[in-house]
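Fold and geometry: a report
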Amino acid sequence: MRWKPLAWTAAAVLGLASTAALANVVVVRSLGPSAKAYPPGKTLAATAKITLQGGDVVTILGPGTAQTLRGPGSFDTTQVSLDTAASQRGRFGALRTADVARSPSVWDIDVTQSGKVCVADAKKLQLWRPDSDADESIEIRSSDGSAQKLSWAHGKALAAWPAALPVKTGGQYEISSSERPDKSSLEVVTLGAVPSDKIATAQELIKNGCQNQLDLLIATATKDRSE
């Protein structure tokens, strides 16, 4: 009767595979009385319990989705820690879009926003504009006085960062547009490599203060949950 040990082994392998499918989650937003217990960037185990008080709002991000938890109540992280092939895109790249115009990738630069920008691969860096209904020209000027111009044709939303203007960590750039009166100011943080998944991406964005990209990452994955 050799089938029993073999069956047990198969069951054990399936059990291990099921356990391996669970991944840690990371806190990406936290407001309220329990914010100190769950600060942004804090990693939680796949089976952790989160206890929130009234007025608490905590957003956690897993490999495939994010959820906003609202207190009071007790929550587990299992649902957002489940890792499926459908929710993973290998090396984290393209994002879902909703009714509100959003950049197709967390790594594209929104030319209408200011703040810190995390750049994972300078060679593939793209500029994105939310409104592509008209032709548009922009000028990118670095703090050392170097400048480059580029143009979008009607219907085009993406353009490659000009190779003649190197992207440097700590570099500051100002973007002016023919279509908008306000200028955008950027401070670049270059990363050593493209993070492997959404959790690693969130941790890098939080660590380096790239809030606009973090907001995009959360917005494209968030579900709301309350007791």
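Above this note sits the structure.
This text gives an overview of the structure that appears in the document. Since the model is a prediction, treat every value here as computed from it, not as a measurement.

Some thoughts on the sheet that holds strand S7 (residues 109–110)
If you trace the 3 strands from one edge of the open sheet to the other, you get S7-S9-S12, paired in mixed fashion. At either margin of the open sheet sits one strand with a lone partner, and together these are S7 and strand S12 (158–160).

Observations concerning unusual backbone geometry
Residue Pro-72 is bonded to the preceding Gly-71 through a cis peptide linkage, with omega at 5 degrees. Structurally, Pro-72 can be placed in the loop between strand S5 (66–70) and strand S6 (73–76).

Some words on helix H3 (residues 198–208)
Considered for burial, the residues of H3 that qualify are Lys-198, Ile-199, Ala-200, Thr-201, Ala-202, Leu-205 and Asn-208. Taken together, the buried residues of H3 touch strand S1 (25–31), strand S4 (57–61), strand S8 (115–119), strand S14 (184–190) and helix H4 (211–219). Following H3 by one or two positions, Gly-209 adopts a phi angle in the positive range, close to 75 degrees.

What about the sheet that holds strand S10 (residues 136–142)?
The 5 strands are arranged S8-S14-S13-S10-S11 in an open sheet whose pairing can be described as mixed. At either margin of the open sheet sits one strand with a lone partner, and together these are S8 and strand S11 (147–152). Here the strands of the sheet are splayed against their neighbours by 30 degrees on average, with no regard to which way each runs.

Some remarks on the pairing of S1
Across the 7 residues of S1, 5 count as buried, placing the element largely inside the fold. Pairing of S1 with strand S2 (residues 43–44), which is carried by 2 bridges, proceeds in the antiparallel orientation. Residue pairing in the sheet places Val-25 in a bridge with Leu-44 of S2.

Quick word on a negative patch on the surface
Side chains of Asp-131, Asp-133, Asp-135 and Glu-179 sit close together on the surface and give a patch of like negative charge. Structurally, Glu-179 can be placed in the loop between strand S13 (172–177) and S14.

Brief notes about the packing of aromatic side chains
Counted according to the given criterion, the structure contains 1 aromatic pair. Relative to Tyr-173, the ring of Trp-161 lies with its centre 5.2 Å away and its plane at 90 degrees, an arrangement referred to as edge-to-face. Residue Trp-161 is located in the loop between S12 and S13, and its partner Tyr-173 is located in strand S13; the two are separated by 12 residues in the primary sequence. Taken individually, Trp-161 and Tyr-173 each receive the classification buried, so the pair is uniform in this respect.

Let's talk about the pairing of S6
In the case of a regular strand, side chains alternate between the two sheet surfaces. Alternating positions in S6 separate cleanly, Gly-73 and Phe-75 being buried on one face and Ser-74 and Asp-76 remaining unburied on the opposite face. Two elements, strand S3 (residues 49–52) and S6, share 4 bridges in a ladder whose sense is antiparallel. Within S6, the position partnered with Lys-49 by the bridge is Asp-76.

Parameters at a glance
Residues numbered from 1 in each chain as written. Predicted model: local features only at pLDDT ≥ 70, side-chain atom pairs only at ≥ 80, totals over all residues. Heavy atoms only, no water. Pairing = 2+ DSSP bridges. Helix = DSSP H or I, 4+ residues; strand = E, 2+ residues; numbered from the N terminus. Buried < 20%, exposed > 50% of the residue type's maximum accessible area, 1.4 Å probe, protein only. Contact = heavy atoms within 4.5 Å. Axes fitted to C-alpha atoms, helices over the stretch in contact; angles between N-to-C directions. Patch = residues over 30% accessible without salt bridge, like charges linked within 9 Å, V, L, I, M, F, W, Y side chains within 5 Å. Areas by Shrake-Rupley, 256 points an atom, 1.4 Å probe, with all protein chains shown as cover. Salt bridge = Lys/Arg side-chain N within 4 Å of Asp/Glu carboxyl O. Lys, Arg positive; Asp, Glu negative; His and termini not counted. Charge placed at Lys NZ, Arg CZ, Asp CG, Glu CD. Phe/Tyr/Trp six-rings, centres within 6.5 Å; stacked < 30°, edge-to-face > 60°.

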